[in-house]
Structures are given as structure tokens and as C-alpha cells.
Amino acid sequence: MDRSEILNIYRKGKIATGKFIHEMCSKYQAALVTIEEQKKQIALLKKDSSTSSKPPSSDDITKNKNTIRVCFIQEPSGWEEISLKSID
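Summarised in this report is the structure supplied together with it.

Scoring rules and cut-offs
Residues numbered from 1 in each chain as written. Predicted model: local features only at pLDDT ≥ 70, side-chain atom pairs only at ≥ 80, totals over all residues. Heavy atoms only, no water. Helix = DSSP H or I, 4+ residues; strand = E, 2+ residues; numbered from the N terminus. Buried < 20%, exposed > 50% of the residue type's maximum accessible area, 1.4 Å probe, protein only. Contact = heavy atoms within 4.5 Å. Areas by Shrake-Rupley, 256 points an atom, 1.4 Å probe, with all protein chains shown as cover. Expected span 1.5 Å × (residues − 1). Salt bridge = Lys/Arg side-chain N within 4 Å of Asp/Glu carboxyl O.

## Here we look at the overall build of the chain
The helix and strand tally for the chain stands at 2 helices and 2 strands. Listing each helix as α and each strand as β along the chain from the N terminus yields α-α-β-β. Counting all 88 residues of the chain, 10% fall into the buried class. When contacts within the chain are restricted to residue pairs at least 6 apart in sequence, long-range pairs at least 24 apart make up 29% of them. When the accessible area of the chain is evaluated, it comes to approximately 7,500 Å², of which 57% is carbon and sulfur surface.

Following this line, the structure appears as C-alpha cells:
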């Protein structure tokens, strides 16, 4: 998307801009999920006793660490920032 397309959305007003940001945020979140899944797959493919300093029974390199993600949602009063924390 080039600058002129972004400016056209901005000129359409708050609602159009908010919807665009929300859509981009959703796509970003989906991409993060895909990346995390791919990282797990790569870790599983690479995992063996020669690449770990821990015994196999205690070595789970695919566990997620707690992460905080920020996204915007539309509330009746307008757009609000929320934090999403994944708990594993």
C-alpha cells in the first residue's frame, strides 16, 4: 500500500481510518500466530539431544513465553487500546 492510498483512507474520516487500523491489526495478529507456529515447527525439527544442554525429559524448547500484544478494538464510546496477554 502506498502513501496515496493511506491518505485517501485518512481523508474518509475517523470511522474509515479506525476500520483500516483494526483490519491491519487483525492481519498483524494473524501473522504473529503464523510466525509462532512456524517457530515451533522449526524448533521441533531441530530438537535432538545434540542441540540441547538439558536432558531430553526436561527440554521443551517449544514452550511459549508470556507475551503481551496490543491491539485496538471498537467500543460504543470509540476506539480503545487493549492489551492481550497470552497465558500458557
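## Observations concerning helix 2 (residues 14-46)
Taking 1.5 Å of rise per residue, 33 residues should cover 48 Å, and helix 2 covers 47 Å from first to last C-alpha, within 8% of that figure. By the burial criterion, the buried members of helix 2 are G18, F20, C25, Q29 and A43.

## Concerning the pattern of salt bridges
Scanning the model with the defined rule gives 2 salt bridges in all. Between E23 and K27 there is a salt bridge whose closest N-O contact spans 3.4 Å. With a gap of 4 residues between them, E23 and K27 both fall in helix 2, about one helical turn apart. E36 is the partner of K39 in a salt bridge, and the nearest nitrogen-oxygen pair spans 3.8 Å.

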